[in-house]
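For reference, the chains in residue letters:
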Amino acid sequence: MTTSAQAPAGDLSATAARHLLLNMTPNGSLGRAGENLFVVRRGEGPYVDDVDGKRYIDGLSGLYCCQLGYSYAPEFAEAADRQLRELCFSPLWSSSAHPTAIDLSERLSRIAPVDIEHTFFSGGGAEAVETAWKIARRYHALRGEAGRTKAIARSGAYHGLTLGALSLTDDPGLREPYGPGAIETRFVSNTNRFGLAPECTDDETFTSRLLAELEAAILAEGPETIAMLIAEPVQNRGGCITPPEGYWPGLRALADRYGFLLVADEVITAFGRLGEWFGGDLYGARPDIVTVAKGITAGYAPMGATLVSNRVVEVINQPGAVLNHGYTFAGHPLSAAIALRSLEIMERDRILENVRGHQAHLARRMATLVDLPIVGDVRGAGFFYACELTGDLDGGGFSDTARAALVADLIPRRLREAGLLARVYNRANPLVQIAPPLISDRELLDRIADIMAATLDEASARL
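In this text the structure is predicted, and so the values were computed from the model without any measurement.

Chemist: How should the overall build of the chain be read in this particular structure?
Modeler: The secondary structure content of the chain amounts to 14 helices and 15 strands. The globule rule puts the C-alpha radius of gyration for 463 residues at 23 Å, and the 22 Å found for the chain is close to it. Counting over 463 residues, the chain shows a buried share of 52%. Summed over its atoms, the accessible surface of the chain is roughly 20,000 Å², and 51% of this surface lies on carbon and sulfur atoms.

Chemist: What's the story with the sheet that holds strand 1 (residues 40-44) in this structure? I'm lost.
Modeler: Across a sheet, strands are paired by hydrogen bonds formed along the backbone, either parallel or antiparallel in direction. If you walk across this open sheet you meet the 4 strands as 1-2-3-13, and the pairing is mixed. The open sheet has two edge strands with one neighbour each: strand 1 and strand 13 (420-421). As judged from the 4 bridges shared by strand 1 and strand 2 (residues 47-50), these two strands associate in the antiparallel manner. Across the sheet, residue Val40 finds its bridge partner in strand 2, namely Asp50. Contacting strand 2, strand 3 (55-58) and strand 13, helix 14 (residues 442-461) crosses the sheet at an angle of about 100° to strand 3.

Chemist: Sorry, what's going on with the environment of Arg186 here?
Modeler: By the element assignment, Arg186 lies in strand 6 (residues 184-188). Using a relative accessible area of 30% as the deciding quantity, one classes Arg186 as partly exposed. For the pair Arg186 and Pro46, spaced 140 residues apart in sequence, the C-alpha to C-alpha distance is 40 Å. Aside from chain neighbours lying at most four places away, what touches Arg186 is Ala151, Ile152, Ala153, Ala217, Ala220 and Glu221.

Chemist: What's the story with empty space enclosed by the protein in this structure? I'm lost.
Modeler: The gaps left among the atoms become clear once a water-sized probe is rolled over them. Applying the stated criterion to the full structure yields 2 cavities of 30 Å³ or more. Taken as a whole, the largest cavity spans an internal volume of roughly 40 Å³. Lining of the largest cavity is provided by Leu163, Leu166, Ser167, Arg175, Tyr178, Gly179, Pro180, Gly181 and Ala182. For the lining of the largest cavity, the element with the highest residue contribution is helix 6 (residues 163-167), accounting for 3 residues. Of the residues in the lining of the largest cavity, the class split is 5 nonpolar, 3 polar and 1 charged. Pro113, Ala264, Glu266, Phe278, Gly280, Asp281, Ala285, Pro287 and Val290 are the residues that line the second largest cavity. For the lining of the second largest cavity, the per-class residue count stands at 6 nonpolar, 1 polar and 2 charged.

Chemist: In this structure, what is going on with helix 14? I would like to understand it.
Modeler: Residues separated by three or four positions in an α-helix point in the same direction, a consequence of the helix having 3.6 residues per turn. For helix 14, spanning 20 residues, the distance from its first C-alpha to its last is 28 Å, which sits close to the expected 28 Å at 1.5 Å a residue. Along helix 14, the residues classified as buried are Leu444, Leu445, Asp446, Ile448, Ala449, Ile451, Met452, Thr455, Leu456, Ala459 and Ser460.

Chemist: Could you clarify how one ought to interpret the pattern of salt bridges in this entry?
Modeler: Note on pairing: side chains with opposite charge can pair once their charged atoms come close. Enumeration according to the criterion identifies 33 salt bridges in this entry. The shortest N-O distance in the salt bridge between Arg341 and Glu78 comes to 2.9 Å. Here Glu78 lies in helix 3 (residues 73-86) and Arg341 lies in helix 11 (residues 333-348), a separation of 263 residues in the sequence. Looking at Glu78, the relative accessible area reads 32%, which means it is partly exposed. We note a salt bridge from Glu145 to Arg148, for which the minimum N-O separation is 3.3 Å. Residue Glu145 is classed as partly exposed on the basis of its relative accessible area of 25%. Classification of Arg148 as buried rests on a relative accessible area of 4%.

Chemist: So what exactly am I meant to see when it comes to the nonpolar core here?
Modeler: As a rule of thumb, soluble globular proteins bury nonpolar side chains together. Phe271, Phe278 and Met452 are the most contacted members of the largest nonpolar core, which has 100 residues in total. Considering each element in turn, this core owes the most residues, 7 residues, to helix 14. Ignoring sequence-local partners within four residues, the contact set of Met452 consists of Met366, Leu369, Cys387, Leu415, Leu420, Val432 and Ile434. Core analysis: the next-biggest nonpolar cluster, separate from the first, contains 23 residues, Ala132, Met228, Ile230 and Ile289 among them.

Chemist: Please clarify how unusual backbone geometry should be interpreted in this entry.
Modeler: The phi torsion of most residues other than glycine is negative, and most of the peptide bonds are trans. A positive phi angle is found at Tyr64, which is not glycine, with a value near 65°. Examined against the element boundaries, Tyr64 turns out to sit in helix 2 (residues 61-64). Judged by its relative accessible area of 2%, Tyr64 is buried. Here the phi dihedral of Ala298 falls at roughly 55°; this positive angle occurs in a residue that is not glycine. As for its position among the elements, Ala298 is in the loop between strand 9 (289-292) and strand 10 (304-309).

Chemist: What's the story with the side chain of Asn192 in this structure? I'm lost.
Modeler: Structurally, the position occupied by Asn192 is in the loop between strand 6 and helix 8 (203-221). In terms of polar contacts, Asn192 uses its side chain to reach the backbone amide nitrogen of Phe194, at 3.0 Å. Those residues in contact with Asn192 that lie beyond four places of it in its chain are Phe206, Gly238, Ile241, Arg379 and Glu388.

Chemist: What's the story with the packing of aromatic side chains in this structure? I'm lost.
Modeler: Two aromatic rings, taken as a pair, are described by how far apart their centres are and by the angle between their planes. Scanning the model with the defined rule gives 6 aromatic pairs in all. Their ring planes at 90° and their centres at 5.2 Å tell us that Phe38 and Tyr56 sit as a pair that is edge-to-face. Taken as a pair, Phe38 in the loop between helix 1 (9-19) and strand 1 and Tyr56 in strand 3 lie far apart in primary sequence, 18 residues in all. Judged by relative accessible area, Phe38 falls into the partly exposed class, the value being 26%. The exposure class of Tyr56 is buried, given its relative accessible area of 5%. Note on Tyr64 and Phe384: the rings are 6.0 Å apart at their centroids and 85° apart in plane angle, and the pair reads as edge-to-face. Here Phe384 lies in strand 12 (residues 384-389) and Tyr64 lies in helix 2, a separation of 320 residues in the sequence. The same class applies to Tyr64 as to Phe384, namely buried. A cation over a ring is seen here: Arg107 above Trp277, with NZ or CZ 5.9 Å from the ring centre. The ring of Phe38 carries Arg416 above its face, with NZ or CZ at 4.0 Å from the centroid.

Rules and cut-offs
- Residues numbered from 1 in each chain as written.
- Predicted model: local features only at pLDDT ≥ 70, side-chain atom pairs only at ≥ 80, totals over all residues.
- Heavy atoms only, no water.
- Helix = DSSP H or I, 4+ residues; strand = E, 2+ residues; numbered from the N terminus.
- Rg over C-alpha atoms; globule rule 2.2 N^0.38 Å.
- Buried < 20%, exposed > 50% of the residue type's maximum accessible area, 1.4 Å probe, protein only.
- Areas by Shrake-Rupley, 256 points an atom, 1.4 Å probe, with all protein chains shown as cover.
- Pairing = 2+ DSSP bridges.
- Contact = heavy atoms within 4.5 Å.
- Axes fitted to C-alpha atoms, helices over the stretch in contact; angles between N-to-C directions.
- 1 Å grid on protein atoms, 1.4 Å probe; cavity = no way out; pocket = protein on both sides within 12 Å on 5 of 7 lines; lining within 4 Å.
- Points joined across faces, edges and corners; volume = space filled by probe spheres on them.
- Nonpolar A, V, L, I, M, F, W, Y, C, P; charged D, E, K, R; others polar.
- Expected span 1.5 Å × (residues − 1).
- Salt bridge = Lys/Arg side-chain N within 4 Å of Asp/Glu carboxyl O.
- Core = buried A, V, L, I, M, F, W, Y, C linked by side-chain atoms within 4.5 Å.
- Polar contact = N/O pair within 3.5 Å; in protein donor to acceptor, adjacent residues only side chain to side chain.
- Phe/Tyr/Trp six-rings, centres within 6.5 Å; stacked < 30°, edge-to-face > 60°.
- Lys NZ or Arg CZ within 6 Å of the ring centre and 35° of its normal.

Okay, structure coming up:
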């Protein structure tokens, strides 16, 4: 019997076109035979191979998940085998738990930001964000402030596609097909300074401007109505947008002054992406709640988690209080065992040190791309970078013809032909983004930068 993993490329693509619905995809554009579908068959190290045997650098770590690349499968298989032979499933439900989830929660408490020592498990990032919202609402209600029903998020932010998380996501194209948002959310400016007034290049000035806008929004909405503010240490959507110095301490000060909770969405930035266990540690973040997923298991199993501070837990765990919230597969023994092994490998093989040792070199290589006519800005941190494309040195933008020819076709096609999987966002200002596996060495990072430079240089020549 031929398995799907062994089937010819054409057969797989045709079967997918008949039966498989992809995420965030115009599935009807795949073609009746799936001729427009890219199918990955296997992975090794920082590479993946397609069904035709062509090898690519996985420049996006799957979808920011595969921190360790693809060569640790034997270790994860051993951890999975041991766990499944002992206990395949037990819910974290109704005064019941299992040792692997308990061990993982304790392990996370040792690397989490200051004062965060509790974990609520889920299946992925959107569920972790939903959990953060429910915990925030419960926290305020138990303190006699049930009127705190609003959230604050940032322009262009993406926090997930479940209805609650979608309310915190600033993209009308994603929200509007599903009607009014479940959470009333006020959006404030993100920390992208590209294209702003020259004085915003100064961190103190820019931070003051952002915090003043935020405080005005809080006062306009009514401080007593705000339950939480959610933000990523480095915002993914919009292209690896880093914060100015003082921004996260300023968020903490406003949260304390007006009584709302501060949530750091670290679904992408946690577990080494920025060279630290938690990206917010780079920027002085002191959140009340942290949401994680993706890298927690290095992509070897699905898992999400919401990490909660002691002061919040003291309220939601008071005698008689019930957190009426949960997921059947939260803290699944298999996923928890995989996460524990991933953390063990990261520590043993000094994965954070690898990022720290190479991040300055990657930053230098990426910075040179801004000299290309098509590139307006390059930004990021750790192993997480984006180029914002502007069409010309004056930022004149792309004509419809150039956008179709370059952004929708030539750039993604040339990157893939050169053997690099990266993300090309065809937005107001298009973006090319990379997030390579954290095991990447200098030679591989140079190869990624070389491919991007050659591709964007060709695109510049065709403007």
